Amino acid sequence: MLEEEQVALFLASRLIARGNKGTLALTIMIIAMVFVNLIFLPSIIAGVVVLFNQQTIDYSYANLVIEPKEGALLIAKPGTLVEKINRIPGVAASTPRYAAGATIVYKGKSTTPLVIAVDPDREPEVMKVHTGIISGDYLSGSDTGQILIGTTLAGDREQKVERTPTLGGVDVGKTVEVTFRNGVTKEFRVKGILKTGTSLIDNNAYISRRDLAGVLGVEDPANQILVRTQETGNENAMRLLLMQYGVQEQIWTWQDKSADFLKSIVGSFDIINLISTVVSLVIAVVVIFIVIFISIVYRRKQIGILQAIGIDRRIIIKSYIFQAIFICACGTVAGCTLLLAVLQYLAVNPLVFPGGPVAPLLEAGLVIRSIASLFIVALIAGFVPSWLTTREEILAAIRG
Amino acid sequence: MIRAEGLSRIYGRGSVEVRALDGVDVEIRKGEFVGVMGASGSGKSTLLHLLGLLDRPTAGTLVIAGTDVTALSERERTLFRLNRLGYVFQDYALVPELTAEENIYLPSKVRGMTAKECTLACRDILALVGLKERYNFLPGEMSGGEQQRVAIARALVNNPALLLADEPCANLDSRNSVLILDLIRKLNRELAQTVVMVSHEDWHRKYFDRVIYLQDGKIVADPGGNGPGSTG
Ligand SMILES: Nc1ncnc2c1ncn2[C@@H]1O[C@H](COP(=O)(O)OP(=O)(O)OP(=O)(O)O)[C@@H](O)[C@H]1O
Ligand SMILES: [Mg+2]
C-alpha cells in the first residue's frame, strides 16, 4: 500500500518541480488571494464588533448596570451600595449616575437631550467619557453650575442643515439654561465639549450629581450604578456574584442594555459576515477546482500514457491529489504571509470607524476552518478530474 | 505466445460502422520478430492496440502468454500491461518532467522492486540501449532517436513477454531508424524478445522474421504464419 503512495509522491514531486513554474506561481497566488479573501472581511467585521462593544462598555454602560428595584425611581442609598459593590471581588470600580431628559436652551435654540449627572471623581475609574474632551475641561468634584456638552448636541454655527436638533454651536465658557423634569430651571456654564465618536454619547450632556441634588431637592440622587469589572466577558457570572453579595437592585449586563439598537447592528454584521464567508468559500471552491482541473485536463494525454504502460489509476489519482495538496499548502502559506502583511499595514494605517481605529480581529477558529476547507477543496479538486480522466478510454486520452 | 481468433474491432454503429479489424486469426510464436504492414487505415494500429490491451476487441478471442486477456478486469489489464507487455509509441510518449532514468524507474518501481533494484535495472537497460551517459537528461534535452531508445528501455525494464511497437521510427530520420531497428533486432536475437512491430516502410521488411499484411482490417498475407494467407 505504502508503495503506491511512494510512487505517487515521486511522480507528484517531479511534476511540480519540473513543471511550468509560472503556472505554479500563478496558481499558488490565486489560492493565496482566495485565502485572504476568506479571512480578511470577517476579521474586519469582528474588529468593528469588538470596537462597538468596547465603546458600549467604555462610554455607555460599563460592564454591569444597576437600576432601582422594580417600581422604584431611585436607588436607595447609592453611596453605601457603591462602597459595598466595590468590595466585591472581581469589581474594579463603580459609580452612581442619574440620567434623565432635560431641556437645554441656548440663544433661543432649544433641545431635549439626555442629561447625565455623574460623580466627577469616581466616574473616570469606571467610564472613559472624560477622555473625549476636545475643548475645555472635564468636570471636577468641586464644580457647581458646570456642564459638558456632546459635540453633536453642541452643534456648529456653520452648519445650515441639522440632522439632529442641536444648540447651534455652543462653545466653552458660554451659558446655557437647563430645565429639568420637575420644572426647575438652572443656568450652567459650558465647561467642556465632548467627542467620543459614538453618536449616542455625543448627543448627551453631563453635569455633576451635586448640582442635580439641589435641583431635585433629593440628597444623593441616582437611578444607575455603573460597575466596571476586572475582566470583560464574565458579566453574567459577575451579575450572579453581585446578587449573592446581596445586591437587591436590578442588575443588567451591557449586552442586555445594548440589546435594542447595537445588537441589531452587530446582528446585521453577523449576517453580512456569514454571506461574505459563504460567497468567499464558494469562490474559493470554484477557483481552486477550476485551476487544478485545467492543469489535469491539460495532462490528459500523459495520464493516458501512464495507464498504457501499466501504472494503476489509483497511483495517478493519488499523485494528483498530492500535487493539489502541495499547491494548496503553498497557497495557504502565501496567503498567511499576505494576510500578515495586510494586518501589518493596517496596524500602521488603521481603518478609522466612527468611534476609533479598527484593529482586524483574526479569529483562530476562522483561520483553521478556512485552511481546512481549502484542503478539502484541494482534495476534491485533485481527485475528481484525475478520477474522470483515468476512467475514460486510454486511447481517447492518449489521442488528447 | 499470442493466439488471436476472429479478432474484430468495429467502430460506430449501424450504417456508419467501420470494421477497423475484421475477424483476424493470428498466431505468434515465442521469440518471433513480426512486422505488421499494410496501407494507411488498414488496421495496423488497431491490431496493436488490441494486442497491447489498450483497447478491447468487439469480437474474438485473444490469448497472450497463456492468459485469456479478454476475460481480464480493467485492473488486471493494467497489471498485465505493467508486467507482461512493453509498448513503444510512435511519438515516444515519455513523461517530459522525468529524466531518462526516472521514466524507466517509474514502471519498475510500480512493479514492486526496491528503489535500489530499480536504479540498477534502469542503469543496465540504459546501457543496453546505448544511453548510459544520458540517464539524467530530460526528454526535452534529447534527440528523437534518443527519446525513442529511452521509450524502448522503459518498455523493456519489466522483462515483458511481448514487446509491441507502433511505427517507432516514423518520426525519425533513416540513420536513427536504423539505430532503433538494429536495437530491436538485437533484443530479439540476444534476449529472445518476442516483438510485434508496425511499419509502413518497405525497407524495414528485412529486419522481420515474418510479415503480416493487413488490408481493410483483414490479413491478406502472412507468410510464415499458420492461418489464411500463410505459406509456412
Ligand atoms: N476511434 C476511431 N473511431 C472510428 N474509426 C476509427 C477509430 N480509430 C481508427 N478508426 C478507423 O479504423 C481504421 C483502421 O485504423 P488504424 O489506425 O488501425 O489504421 P493504420 O493501419 O494504423 O493506419 P496508419 O498507417 O495511417 O497508422 C481506419 O479506417 C480508421 O479510420
Ligand atoms: Mg497506425
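Quantities reported herein were computed from a predicted structural model and do not represent experimental measurements.

**A few points about the sheet that holds strand β5 (residues 67-68) of chain B**
Residue and element names in this part refer to chain B. Taken in spatial order, the four strands of this open sheet run β2-β1-β4-β5, and their pairing is antiparallel. Two strands lie at the open edges of the sheet, namely β2 (18-28) and β5, each paired on one side alone. Examined bridge by bridge, strand β1 (residues 2-11) and β2 share seven bridges and lie antiparallel to one another. Across the sheet, Ala 4 pairs through a bridge with Val 26, a residue of β2. Across the sheet, helix α1 (residues 44-51) is in contact with β1, β2 and β4 (59-64); its angle to β1 comes to roughly 120°.

**What about the site of ligand 1?**
The local shell around ligand 1 holds 13 residues, among which Ser40(B), Gly41(B), Lys44(B), Ser45(B) and Thr46(B) are the closest. Nearby residues around ligand 1 are contributed by chains A and B. Within the contact set of ligand 1, an oxygen atom lies 2.5 Å away from a side-chain nitrogen or oxygen of Ser40(B). Ser45(B) has a polar side-chain atom sitting 2.8 Å from an oxygen atom of ligand 1. Against a free-state accessible area of 630 Å², the protein chains account for coverage of 63% of ligand 1. Looking at which element gives the most residues to the shell around ligand 1, the answer is α1(B), with three residues.

**Quick look at helix α7 (residues 209-216) of chain A**
Considered for burial, the residues of α7(A) that qualify are Arg209(A), Asp211(A), Leu212(A), Ala213(A) and Val215(A). If you follow the buried residues of α7(A), they end up packed against α3 (78-86), β2 (91-101), β5 (114-118), β7 (146-150), β9 (185-194) and β10 (205-208) of chain A.

**Describing the domain arrangement of chain A**
Residue and element names in this part refer to chain A. If you check the domain split of chain A, you get domain 1 (2-55 + 261-399) and domain 2 (64-231). Distance between the C-alpha centres of domain 1 and domain 2: 53 Å. Taken together, the contact between domain 1 and domain 2 spans five residues of the former and five residues of the latter. Interface area, domain 1 with domain 2, both sides summed: about 290 Å², of which 42% is carbon and sulfur. Inspection of the region where domain 1 meets domain 2 yields zero salt bridges. At the junction of domain 1 with domain 2, the criterion picks out zero residue pairs in polar contact (both at pLDDT 80 or more). Looking at the side of domain 1 that touches domain 2 residue by residue, the class counts come to two nonpolar, three polar and no charged.

**Focus on the interface of chain B and chain A**
Listed by partner, the interface residues are 26 residues for chain B and 27 residues for chain A. Summed over both sides, the interface of chain B with chain A buries roughly 2,300 Å², with 64% coming from carbon and sulfur. Our enumeration of links across chain B and chain A arrives at six salt bridges. Its salt-bridge partner being Arg18(A), residue Glu102(B) comes within 2.7 Å of it at the nearest N-O pair. Where chain B meets chain A, there are eleven residue pairs in polar contact (both at pLDDT 80 or more).

Procedures and definitions
- Residues numbered from 1 in each chain as written.
- Chains lettered and ligands numbered in written order.
- Predicted model: local features only at pLDDT ≥ 70, side-chain atom pairs only at ≥ 80, totals over all residues.
- Heavy atoms only, no water.
- Pairing = 2+ DSSP bridges.
- Helix = DSSP H or I, 4+ residues; strand = E, 2+ residues; numbered from the N terminus.
- Contact = heavy atoms within 4.5 Å.
- Axes fitted to C-alpha atoms, helices over the stretch in contact; angles between N-to-C directions.
- Near = heavy atom within 4 Å.
- Polar contact = N/O pair within 3.5 Å; in protein donor to acceptor, adjacent residues only side chain to side chain.
- Areas by Shrake-Rupley, 256 points an atom, 1.4 Å probe, with all protein chains shown as cover.
- Buried < 20%, exposed > 50% of the residue type's maximum accessible area, 1.4 Å probe, protein only.
- Domains from an automatic or database assignment.
- Buried area = accessible area lost by both parts, 1.4 Å probe.
- Salt bridge = Lys/Arg side-chain N within 4 Å of Asp/Glu carboxyl O.
- Nonpolar A, V, L, I, M, F, W, Y, C, P; charged D, E, K, R; others polar.

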